[in-house]
Amino acid sequence: QKEVEQDPGPLSVPEGAIVSLNCTYSNSAFQYFMWYRQYSRKGPELLMYTYSSGNKEDGRFTAQVDKSSKYISLFIRDSQPSDSATYLCAMSGLEDSSYKLIFGSGTRLLVRP
Amino acid sequence: GAVVSQHPSWVICKSGTSVKIECRSLDFQATTMFWYRQFPKQSLMLMATSNEGSKATYEQGVEKDKFLINHASLTLSTLTVTSAHPEDSSFYICSARDHQASGGARTDTQYFGPGTRLTVL
């Protein structure tokens, strides 16, 4: 079983739709949770960061962390074609791992005009 | 968000030559930087952890003599691919760790560079 599970997609939605991206994880010791967006041939861009449980909102993006269920989500409202990219969840905080990021496999999102 | 730069953005070299890639954190100091490799349509693969002023820590299966890492300052880490071969052709990405704790707020995340595409002929 992978430490972080993420549906690879692709996920195809019409412009304006609400997108829900999710990851599950197995290690309850993770403390820091991130979502990155990666366009083709570019480095990942940090979208959302959450420490411990809770919700965080930034513009059209909302990140949720449910540590009791070991489940994190990223919601994108009013999706735009420019949101088409691969979305990577990542987590860290394991003191015995030098704070490396553990990534999900990434979900490819396509927003159709 | 914080900015991390990488140079060059792409490089083509002949087999047997060495290539150096620079990673800089532009607006924060990073005692720890990471080097990743990414193949098409795959997730990032961590190669090594670069710590300022000390030796890098390599992941299992990564040849330390082939991928030389130097982290001489709090804003610069370099990756040198020595005696490059076509199988080393890949997308190399660095990241810099941003770690802060003040009051009740804690931050521990990584900001990534734009990546370097290496093609070895």
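The present account deals with the structure reproduced in this document. (Residues numbered from 1 in each chain as written. Chains lettered and ligands numbered in written order. Predicted model: local features only at pLDDT ≥ 70, side-chain atom pairs only at ≥ 80, totals over all residues. Heavy atoms only, no water.)

### Quick look at the pattern of salt bridges
All names here are of chain A.
Part 1 of the argument: One pass over the structure, following the stated rule, counts 8 salt bridges over all chains.
Part 2 of the argument: Here glutamate 45 and arginine 37 are joined by a salt bridge, their closest N and O atoms 3.0 Å apart.
Part 3 of the argument: Of the residues examined, glutamate 45 reaches a relative accessible area of 36% and is grouped as partly exposed.
Part 4 of the argument: For arginine 37, a relative accessible area of 12% gives the class buried. (Salt bridge = Lys/Arg side-chain N within 4 Å of Asp/Glu carboxyl O. Buried < 20%, exposed > 50% of the residue type's maximum accessible area, 1.4 Å probe, protein only.)

### Comments concerning unusual backbone geometry
Negative phi characterises most residues that are not glycine, and trans characterises most peptide bonds.
Part 1 of the argument: Looking along the chain, the bond that leaves glycine 9 of chain A and enters proline 10 of chain A is cis, with omega of 10 degrees.
Part 2 of the argument: Following histidine 7 of chain B, the chain continues into proline 8 of chain B via a peptide bond in cis, with omega recorded as 0 degrees.
Part 3 of the argument: Of note, proline 8 of chain B is situated in the loop between strand S1 (4–7) and strand S2 (10–13). (Helix = DSSP H or I, 4+ residues; strand = E, 2+ residues; numbered from the N terminus.)

### A closer look at the pairing of strand S7 (residues 61–66) of chain A
Residue and element names in this part refer to chain A.
Part 1 of the argument: Pairing of strand S6 (residues 54–58) with S7 involves 5 bridges; the strand directions are antiparallel. Paired with aspartate 58 across the two strands is phenylalanine 61, which belongs to S7.
Part 2 of the argument: The hairpin formed by S6 and S7 contains 2 residues between the paired strands, and glycine 59 there has a positive phi angle of roughly 65 degrees.
Part 3 of the argument: Bridging between S7 and strand S8 (residues 71–76) involves 6 bridges; their strand directions are antiparallel. Note on S8: the bridge partner recorded for glutamine 64 is serine 73. (Pairing = 2+ DSSP bridges.)

### Points about the interface of chain A and chain B
Part 1 of the argument: Taken residue by residue, the interface counts 21 residues in chain A and 21 residues in chain B.
Part 2 of the argument: Taken over both partners, the interface formed by chain A and chain B buries close to 1800 Å², and the fraction arising from carbon and sulfur atoms is 54%.
Part 3 of the argument: Considering only the side of chain A, the residues that lose the most area to chain B are Arg41, Tyr99 and Lys100 of chain A, jointly responsible for 25% of the buried surface there.
Part 4 of the argument: Where chain A meets chain B, there are 1 salt bridge.
Part 5 of the argument: Measuring nitrogen to oxygen at the nearest pair gives 2.8 Å for the salt bridge that ties lysine 100 of chain A to glutamate 59 of chain B.
Part 6 of the argument: Connecting chain A to chain B are 7 residue pairs in polar contact (both at pLDDT 80 or more).
Part 7 of the argument: Ranked by residues supplied to the side of chain A that touches chain B, first place goes to strand S4 (residues 32–38) of chain A with 4 residues. (Contact = heavy atoms within 4.5 Å. Buried area = accessible area lost by both parts, 1.4 Å probe. Polar contact = N/O pair within 3.5 Å; in protein donor to acceptor, adjacent residues only side chain to side chain.)

### Looking at the layout of surface pockets
Sizing a probe to match a water molecule and rolling it over the atoms shows the empty space that remains.
Part 1 of the argument: In this structure, the largest pocket occupies an estimated 690 Å³ of space.
Part 2 of the argument: Mapped onto the lining of the largest pocket, the elements with two or more residues apiece are strand S9 (85–92) and strand S11 (107–112) of chain A together with strand S9 (90–102) of chain B.
Part 3 of the argument: When residues of the lining of the largest pocket are assigned to their parent elements, the largest contribution, 4 residues, is made by S11 of chain A.
Part 4 of the argument: Per-class residue counts for the lining of the largest pocket are 10 nonpolar, 12 polar and 4 charged.
Part 5 of the argument: Approximately 250 Å³ is the volume attributed to the second largest pocket.
Part 6 of the argument: For the second largest pocket, the lining is made up of 12 residues, of which Glu45 and Leu46 of chain A together with Ala2, Tyr111 and Phe112 of chain B are closest to its centre. (1 Å grid on protein atoms, 1.4 Å probe; cavity = no way out; pocket = protein on both sides within 12 Å on 5 of 7 lines; lining within 4 Å. Points joined across faces, edges and corners; volume = space filled by probe spheres on them. Nonpolar A, V, L, I, M, F, W, Y, C, P; charged D, E, K, R; others polar.)

### Observations regarding the sheet that holds S6 of chain A
Paired through backbone hydrogen bonds, the strands of a sheet run either parallel or antiparallel to each other.
Residues and elements named next belong to chain A.
Part 1 of the argument: The sheet built from 5 strands is open, its strands ordered S1-S3-S8-S7-S6 with antiparallel pairing. The open sheet has two free edges, formed respectively by strand S1 (4–6) and S6, since each of these has just one partner strand. Strand-to-strand twist across the sheet, computed as the mean angle between neighbouring axes with direction ignored, equals 15 degrees. (Axes fitted to C-alpha atoms, helices over the stretch in contact; angles between N-to-C directions.)

### Examining the environment of phenylalanine 67 of chain B
All names here are of chain B.
Part 1 of the argument: Relative to the assigned elements, phenylalanine 67 resides in strand S7 (residues 67–73).
Part 2 of the argument: With 13 residues separating them in the primary sequence, phenylalanine 67 and threonine 80 have C-alpha atoms 5.6 Å apart.
Part 3 of the argument: In contact with phenylalanine 67, not counting residues within four places along its chain, are Arg37, Met47, Tyr58, Val62, Leu79, Thr80, Val81, Asp88 and Tyr92.

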